[in-house]
Amino acid sequence: MPTSEFQLIQHYFKAGAAAALAQPNSPVRCGIGDDCAVLALPVGDELLVSVDTLVESIHFPQNYPSDMLARRALAVCVSDLAACGATPLGFTLALTMPNVDEPWLASFANALIVAAGEYDIALVGGDTTRGPLCLSLQVMGSAPAGAAILRSGARAGDIIYVSGQLGDARAALDYLNKAAHELSAAEQALLDRYHAPTPRLALGQKLRGLATAAVDVSDGLAADLGHILSVSGVAAVLHTDNLPLSPALTETCAERAIEFALSGGDDYELCFTVPAEHREVVARLSAELNLNISEIGYIEAGEGLTCYRADGGVFAPAAGYQHF
Ligand SMILES: Nc1ncnc2c1ncn2[C@@H]1O[C@H](COP(=O)(O)OP(=O)(O)O)[C@@H](O)[C@H]1O
Ligand SMILES: Cc1ncc(C[n+]2csc(CCOP(=O)(O)OP(=O)(O)O)c2C)c(N)n1
Ligand SMILES: [Mg+2]
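Predicted model, so just to flag it, every value in this text is computed and none were measured.

Engineer: I'd like a description of the site of ligand 1, backed by residues and values.
Structural biologist: Neighbouring residues of ligand 1: Asp 52, Asp 80, Arg 151 and Ser 218. Take Asp 80: an N or O atom from its side chain is 3.1 Å from an oxygen atom of ligand 1. Contact distances for ligand 1 include 3.5 Å between an oxygen atom and a side-chain N or O atom of Ser 218. Coverage of ligand 1 by the protein amounts to 27% of the 560 Å² it exposes when considered alone.

Below you can see the structure in the form of structure tokens.
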């Protein structure tokens, strides 16, 4: 039974992570156990880095099963790599927990290593401390020099697209505490989207050289697209009719579906802009990846976002998620 902080790390994290290091093409020169991890960058590539924190009761519910926490945490952090078109390299984990609960840790570490394998991203280091349950994951990826997709490149005339469907995870918040046997199939489908978001890594990488700007939808489409607009110095027009809504969302809360899709957040889909002449390329990409990609509006000169309802009226979306 591991007891010390050092033994915990060795037992639960180093062993699992070591398997990734053994891969022939692993970029990890030195992983868990030294003062720094050492990663090899592919020749000609740049390093892309992002960190996100997940706090109990803010980002995930109390008493959340630790395997679900691990999976969700890595997915939402890797989603930032996807937005920039990065290829995953490695990540670090700063884990703060109130006490050592070995079954909790074992299931957390197992799920984390499995998810890391799915995204081909190696756990290369971290920090373990006592305190209220909280995780910070720093993810690192690479992209050919100059190819990273930024938020600042949207131009008037570009088409605005979004992957997948929006609003499901927000709708799921209302069912987080409902007993499993009382859930309808639609409610369960919404919860699945909250628990296991899908970072759109393959899409992001394919958008290199095609998208002028991209962002992942964490705070809500209106807010995150708003970041693209403000840093690109442009305006956007959306038609709420074009927002991709899942059957589960329209079945459970049709009257709030548009609101959830625009402002709910936790979608981890990609919203991106592409010059209109490349519409066909996006259609082919959607077929190739077997991924729904919806045209939701366009970029124009000016500032701010205008959302039109089907009846021609203007829908004013609520602000996205804000911590303060
Ligand atoms: N405490 C901080 N110190 C430095 N930069 C920060 C801090 N918090 C956020 N940022 C930066 O501000 C930008 C927006 O952050 P955020 O909204 O969290 O982005 P994302 O939704 O991609 O996680 C990012 O470039 C992020 O790196
Ligand atoms: C239990 C619970 N309640 C509410 C939410 C909704 N929520 C919390 S934080 C957040 C926005 C994303 O978090 P943030 O820290 O802003 O991530 P970032 O934009 O930095 O990726 C949302 C939609 C949730 N995920 N879980
Ligand atoms: Mg962030």
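That was the structure; now back to the text.
Engineer: Mind laying out the sheet that holds strand β11 (residues 293–300), listing which residues take part and the relevant values?
Structural biologist: In space, the 7 strands of this open sheet follow the order β8-β10-β7-β11-β9-β12-β13, with mixed pairing throughout. Looking along the sheet, the strands with just one partner apiece sit at the ends: β8 (213–216) and β13 (314–315). Note that strand β12 (residues 304–308) and β13 share 2 bridges and pair antiparallel. Within β13, the residue paired with Tyr 308 across the bridge is Val 314. Strands in contact with helix α7 (residues 221–232) are β7 (159–163), β8, β9 (235–239), β10 (270–274), β11 and β12; relative to β8, the strand with the most contacts, it is inclined by about 150°.

Engineer: An account of the side chain of Asp 266 is requested, with residue identities and associated values reported.
Structural biologist: On the secondary structure map, Asp 266 appears in the loop between α9 (257–263) and β10. Judged by relative accessible area, which is 19%, Asp 266 ranks as buried. Only 3.1 Å separates the side chain of Asp 266 from the side chain of Tyr 268, close enough to count as a polar contact. Setting aside chain neighbours within four positions, we find Asp 266 in contact with Arg 72, Ala 169, Tyr 194, Val 217 and Ser 218.

Engineer: Outline the UniProt feature "binding site: Mg(2+) 3" (unreviewed entry) in the protein, listing residues and values.
Structural biologist: Those places that UniProt annotates as "binding site: Mg(2+) 3" (unreviewed entry) correspond, in this numbering, to Asp 35, Asp 80 and Asp 216. The named residues occupy 182 residues along the chain; their greatest pairwise C-alpha distance, 31.8 Å, places them well apart from one another. With respect to the helices and strands, Asp 80 occurs in helix α2 (residues 66–84). Classification of Asp 80 by relative accessible area gives buried; the value is 18%. By relative accessible area, which is 3% here, Asp 216 ends up buried.

Engineer: Now, about the UniProt feature "binding site: Mg(2+) 2" (unreviewed entry) in the protein: what can you tell me, with residues and values included?
Structural biologist: Here, UniProt's "binding site: Mg(2+) 2" (unreviewed entry) annotation points to Asp 52 and Asp 80. Sequence-wise these annotated residues cover 29 residues; spatially they are packed, their C-alpha atoms never more than 9.1 Å apart. Assignment of secondary structure puts Asp 52 in strand β3 (residues 45–55). Look at Asp 52 and you get partly exposed, because its relative accessible area is 29%. In this structure Asp 52 touches Val 76, Cys 77, Asp 80, Leu 135, Ser 136 and Leu 137, once residues within four positions along its chain are discounted. Discounting residues that sit within four places of it in the chain, Asp 80 has contacts with Ser 50, Asp 52 and Asp 216.

Engineer: If you had to explain the site of ligand 2 to someone new, which residues and values would you point to?
Structural biologist: As a structural note, the neighbourhood of ligand 2 is formed by 15 residues, with His 59, Tyr 194, Ser 218, Asp 266 and His 323 the closest of them. The contact in question runs from an oxygen atom of ligand 2 to an N or O atom on the side chain of His 59, over 2.8 Å. Contacts to ligand 2 include Asp 219, whose side-chain N or O atom sits 2.8 Å from an oxygen atom. With the chains in place, 83% of the 590 Å² that ligand 2 exposes on its own is no longer accessible.

Engineer: Provide a residue-level description of the state of the cysteines, including the pertinent values.
Structural biologist: Inspection of the entire model under this criterion finds 0 disulfides. Of the cysteine sulfurs around Cys 36, a residue in no disulfide, the closest is that of Cys 30, at 8.7 Å. With a relative accessible area of 54%, Cys 36 lands in the exposed category. Distance from the sulfur of Cys 253, which forms no disulfide, to the nearest cysteine sulfur (Cys 307) is 18 Å. The exposure class assigned to Cys 253 is buried, which follows from its relative accessible area of 7%.

Cut-offs and rules
Residues numbered from 1 in each chain as written. Chains lettered and ligands numbered in written order. Predicted model: local features only at pLDDT ≥ 70, side-chain atom pairs only at ≥ 80, totals over all residues. Heavy atoms only, no water. Near = heavy atom within 4 Å. Polar contact = N/O pair within 3.5 Å; in protein donor to acceptor, adjacent residues only side chain to side chain. Areas by Shrake-Rupley, 256 points an atom, 1.4 Å probe, with all protein chains shown as cover. Pairing = 2+ DSSP bridges. Helix = DSSP H or I, 4+ residues; strand = E, 2+ residues; numbered from the N terminus. Contact = heavy atoms within 4.5 Å. Axes fitted to C-alpha atoms, helices over the stretch in contact; angles between N-to-C directions. Buried < 20%, exposed > 50% of the residue type's maximum accessible area, 1.4 Å probe, protein only. UniProt positions renumbered as here; feature names shortened; annotations may be inferred. Disulfide = S-S within 2.5 Å.

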